[in-house]
Amino acid sequence: MINTLIMETNHNRPRTPFKITGDWKTQSKQLKEKFSVLTDWDLLFSEGKERELVEKVGNRLRKNREEVIDLLKYINLSSI
């Protein structure tokens, strides 16, 4: 009998939907000031396209999805 071990990783967890809230223009400006490597194209956002935005920013900053979402949440809170 072969036992199968299932490891709990980030890849096995269901992803919580992430939504951009607030003034994206202000938030994207703050991100560009903090990370000069980000371009207007990286920060181009259309409603409902959060996943694409997170991927572009993550690729440019070499950060994983969770790190980018944490960063975006922080920027959103600081712009209130």
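Here the residue index of a chain counts from 1 through its sequence in written order. Only residues with pLDDT of 70 or above have their local features reported here, since the model is predicted, and side-chain atom pairs are shown and tallied only from 80 upward, although totals for entire chains, interfaces and linings are computed over all residues. As a convention, hydrogens and water are excluded, and side-chain values are obtained from all of the structure's heavy atoms.

With that settled, consider the side chain of E50. Working definition: helices are DSSP H or I runs of at least four residues, strands are E runs of at least two. Numbering for both runs from the N terminus. Its location among the elements puts E50 in helix 2 (residues 50-61). When accessible area is computed with a 1.4 Å probe and restricted to protein chains, residues below 20% of their type maximum are described as buried, those above 50% as exposed, and intermediate ones as partly exposed. The sign given to each residue is positive for Lys and Arg and negative for Asp and Glu; His and the chain ends receive no count. In what follows, salt bridge is the name for a side-chain nitrogen of Lys or Arg lying within 4 Å of a carboxyl oxygen of Asp or Glu. Within the buried set, E50 has no salt-bridge partner at all; the shortest N-O distance to an opposite charge, 4.2 Å, is to K19. At a separation of 3.2 Å, a polar atom in the side chain of E50 contacts the main-chain amide nitrogen of I20. Those residues in contact with E50 that sit more than four places away from it in its chain are F18, K19, I20 and F45. In protein, a polar contact means a hydrogen-donor-capable atom and an acceptor-capable atom, both N or O and within 3.5 Å, with residues adjacent in sequence counting only if both atoms are side-chain atoms; elsewhere, any N or O pair within 3.5 Å suffices. We call two residues contacting when some pair of their heavy atoms lies within 4.5 Å.

What follows deals with the pattern of salt bridges. All chains considered together, the criterion is met by 3 salt bridges. The residue K32 makes a salt bridge to D40 at a minimum N-O spacing of 2.5 Å. Given a relative accessible area of 34%, K32 falls into the partly exposed group. Overall, D40 belongs to the exposed group, its relative accessible area being 56%. Across the pair E55 and R51 runs a salt bridge, and its minimum N-O distance is 3.4 Å. Highlighted residues: E55 and R51, both in helix 2, separated by 4 residues, approximately one helical turn. The exposure class assigned to E55 is partly exposed, which follows from its relative accessible area of 42%.

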